[in-house]
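Architecture and fold: a report
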Amino acid sequence: MSKQLMKPITVKGYAVAEPTETQKFLLKPIEQQVNSLGENDIFVDIIASSICYGAFHHVGNIPGHEIVGIVRHVGERVEKDGKIAVGMRVGMGWNYSSCLECGSCKHHFENLCDSSKPFMNAPIGGGFQNGVVWDSRFVYPIPEKLKSVDAAPLFCAGAAVFSPLKLYRESPYSKPNEFKVAVLGLGGLGHLALQFASKMGFHVTALSTSANKEEECRLFGANDFHVHTNENSVKQLNSNFDLILNCVSTDIDTDKFVKMLKPFGKLAIIGVPSSGSIKAGAFAMIMKNRSIVGSGGASNDQIREMLNFAAEHNIKPQIELSSLEKVNEAMEKVVKNQARYRIVMVVDKEIVDKENQ
Ligand SMILES: [Zn+2]
Ligand SMILES: [Zn+2]
């Protein structure tokens, strides 16, 4: 049963408008009313919302899938269940909900659900607004140690890099102390991947196109650094890694990175290539049992584990603060790849200021 709210809530946000000649992505103010909540739904007042460059393509959509806020209202079943309660600080990511009945859901990989419902299907859209309605079963309490602005980017970027590090951390070839991870690309995903991999205790190599990223990569936890466009480096790196996390969102020379894998090594594709496809020669994979794997977000259990791990090991995104009102300015920076490394829009300044004291 859906529950009528005592007083309707007006939510203010930004929706994708028709692109103009000068601006590829344009967002326009929008107001919506929330009158009722489904039995499993909650209403959250947003504190902070960060910008992940994904799913901006449909006019009318309210983007945003890295969201932190405070629960203001809960649906009937949520109230009975008591796991998520009014006043709790929570976060939300790519998935708004899932069927909770298919094989993937029953195996606790809700992110891989056959009929997964991403944030754009949420009743009033994603996080580029001051409030949101979400399925309480896809909402995660935030450990106290994590500030809201630092927690927001963890819900997509953090989850995306944490999951493959958990899933593909073993090899029939390398002993645990020989297991080597490489992170390709230092951006929104890569700078978090370096931190998680390093704090998990792996030997971590950063692979970049520019030599001036070395110091920064080492600060994020890289033990080693290589410019992968340098031919001598590449030769040295053949058959060297058990797991490479591809964190760039452009097309890559897949064969070059497959050859850097040890036998049974895996190249995990996290960033979406600009062309949308991956081309690879079969020979280098067959001869050494190497594989290329896709990596789509994280399960609910993995997200909870990731948050605790980040809090415990002081893993934080490097962020630039902005505000909802400046969303178009912020988007332009993201599109031009100038964000270092995540832009977080402060929605509730009072709470953010208080957390900074
Ligand atoms: Zn994302
Ligand atoms: Zn399902």
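Residues numbered from 1 in each chain as written. Chains lettered and ligands numbered in written order. Predicted model: local features only at pLDDT ≥ 70, side-chain atom pairs only at ≥ 80, totals over all residues. Heavy atoms only, no water.

Within the UniProt record for the chain, the comment given under Cofactor (unreviewed entry) is "Zn(2+)". (UniProt positions renumbered as here; feature names shortened; annotations may be inferred.)

1. As for the overall build of the chain
For the chain, the helix and strand inventory stands at 12 helices and 17 strands. The C-alpha radius of gyration computed for the chain amounts to 21 Å, which stays within 12% of the reference 21 Å derived for 357 residues, consistent with globular compactness. On the principal axes, the C-alpha backbone points of the chain span a range of 65 × 45 × 40 Å. Looking at the chain as a whole, 54% of its 357 residues qualify as buried. A separation threshold of at least 6 residues defines the contact pool for the chain, and within that pool the share at least 24 residues apart is 67%. Surface exposure of the chain reaches about 16700 Å², of which carbon and sulfur atoms provide 49%. Separation between the mean location of the 39 positive side-chain charges and that of the 38 negative ones in the chain comes to 4 Å. (Helix = DSSP H or I, 4+ residues; strand = E, 2+ residues; numbered from the N terminus. Rg over C-alpha atoms; globule rule 2.2 N^0.38 Å. Buried < 20%, exposed > 50% of the residue type's maximum accessible area, 1.4 Å probe, protein only. Contact = heavy atoms within 4.5 Å. Areas by Shrake-Rupley, 256 points an atom, 1.4 Å probe, with all protein chains shown as cover. Lys, Arg positive; Asp, Glu negative; His and termini not counted. Charge placed at Lys NZ, Arg CZ, Asp CG, Glu CD.)

2. Details of the pattern of salt bridges
Overall, the coordinates contain 13 salt bridges when judged by the stated rule. The salt bridge involving Glu66 is made with Arg342; its shortest N-O contact spans 2.9 Å. Pair noted here: Glu66 is in the loop between β3 (41-50) and β4 (67-74) and Arg342 is in strand β17 (residues 342-346), with a separation of 276 residues, a long-range link. The class of Glu66 is buried, set by a relative accessible area of 0%. A salt bridge links Glu355 to Arg89; the nearest nitrogen and oxygen atoms lie 3.5 Å apart. Here Glu355, found in helix α12 (residues 349-356), pairs with Arg89, found in strand β5 (residues 89-92); they are 266 residues apart in sequence, far enough to count as distant. (Salt bridge = Lys/Arg side-chain N within 4 Å of Asp/Glu carboxyl O.)

3. Quick word on the domain arrangement of the chain
The extent of an interface is frequently quoted as the accessible surface area lost upon association of the parts. Taken domain by domain, the chain holds domain 1 (3-155 + 317-356) and domain 2 (160-294). For domain 1 versus domain 2, the distance between C-alpha centres works out to 30 Å. Summing both partners gives a buried area of about 680 Å² for domain 1 against domain 2, and 63% of it is carried by carbon and sulfur. Taken together, the connections running from domain 1 to domain 2 amount to 2 residue pairs in polar contact (both at pLDDT 80 or more). (Domains from an automatic or database assignment. Buried area = accessible area lost by both parts, 1.4 Å probe. Polar contact = N/O pair within 3.5 Å; in protein donor to acceptor, adjacent residues only side chain to side chain.)

4. A word on the UniProt feature "domain: Alcohol dehydrogenase-like C-terminal" (unreviewed entry) in the chain
Mapped onto the present numbering, the UniProt feature "domain: Alcohol dehydrogenase-like C-terminal" (unreviewed entry) falls at residues 188-311. Secondary structure across residues 188-311 divides into 36% helix and 23% strand, with the first and last C-alpha atoms of the span separated by 18 Å.

5. Considerations on the layout of surface pockets
Of the volumes computed, that of the second largest pocket is approximately 420 Å³. Lining the second largest pocket are 18 residues, and of these Asp81, Lys83, Ser136, Arg137 and Arg304 lie nearest its centre. For the lining of the second largest pocket, the elements supplying multiple residues, two or more each, are α1 (76-81) and α10 (300-312). Grouping the constituent residues of the lining of the second largest pocket by class yields 7 nonpolar, 4 polar and 7 charged. (1 Å grid on protein atoms, 1.4 Å probe; cavity = no way out; pocket = protein on both sides within 12 Å on 5 of 7 lines; lining within 4 Å. Points joined across faces, edges and corners; volume = space filled by probe spheres on them. Nonpolar A, V, L, I, M, F, W, Y, C, P; charged D, E, K, R; others polar.)

6. Remarks on the coordination of the zinc ion (ligand 2)
The coordination sphere of the zinc ion (ligand 2) contains the protein donors Cys99 (SG), Cys102 (SG), Cys105 (SG) and Cys113 (SG), at a distance range of 2.3 to 2.4 Å. Geometry at the zinc ion (ligand 2) is tetrahedral, judged from the 4 donor atoms that bind it and their angles of 104 to 119° at the metal. The sequence pattern formed by the donor residues of the zinc ion (ligand 2) is C-x2-C-x2-C-x7-C. Of this pair, Cys99 sits in the loop between β6 (95-97) and α2 (103-106) while Cys113 sits in the loop between α2 and β7 (117-118); the two residues are 14 residues apart in sequence, bridging distant segments of the chain. Judged by relative accessible area, which is 25%, Cys99 ranks as partly exposed. For Cys113, a relative accessible area of 8% corresponds to the buried category. (Donors = N, O, S within 2.8 Å, 3.2 Å for Na, K, Ca; no water. Tetrahedral: all angles 85-135°; square planar, octahedral: opposite > 155°, others 65-115°.)

7. Points about the coordination of the zinc ion (ligand 1)
Metal coordination angles in their ideal form are 109.5 degrees for the four-donor tetrahedron and 90 or 180 degrees for the six-donor octahedron. On the protein side, the zinc ion (ligand 1) has Cys52 (SG), His65 (NE2) and Cys156 (SG) as donor atoms, found 2.0 to 2.2 Å from it. Mapping the donors of the zinc ion (ligand 1) onto the primary sequence gives the spacing C-x12-H-x90-C. Remark: His65 occurs in the loop between β3 and β4 and Cys52 occurs in the loop between β3 and β4; sequence separation between them is 13 residues. Just as Cys52 is buried, His65 falls in that class too.

8. Some remarks on the pairing of strand β12 (residues 224-227)
In this sheet, β12 lies alongside strand β11 (residues 203-208) in parallel orientation, the contact comprising 4 bridges. Paired with Ala206 across the two strands is Phe225, which belongs to β12. (Pairing = 2+ DSSP bridges.)

9. Observations concerning the packing of aromatic side chains
According to the stated counting rule, one finds 9 aromatic pairs in the structure shown. A centroid spacing of 6.1 Å and a plane angle of 55° characterise the contact between Phe162 and Phe309, whose relative ring orientation is tilted. Note that Phe162 is positioned in helix α4 (residues 157-167) and Phe309 in helix α10, a separation of 147 residues in sequence. Residue Phe162 is classed as buried on the basis of its relative accessible area of 1%. Centre to centre, the rings of Phe220 and Tyr341 are 6.2 Å apart; their planes meet at 70°, and the pair counts as edge-to-face. Taken together, the positions of Phe220 in the loop between α6 (214-219) and β12 and Tyr341 in the loop between α11 (327-335) and β17 put the pair 121 residues apart, joining distant regions of the chain. The same class applies to Phe220 as to Tyr341, namely buried. (Phe/Tyr/Trp six-rings, centres within 6.5 Å; stacked < 30°, edge-to-face > 60°.)

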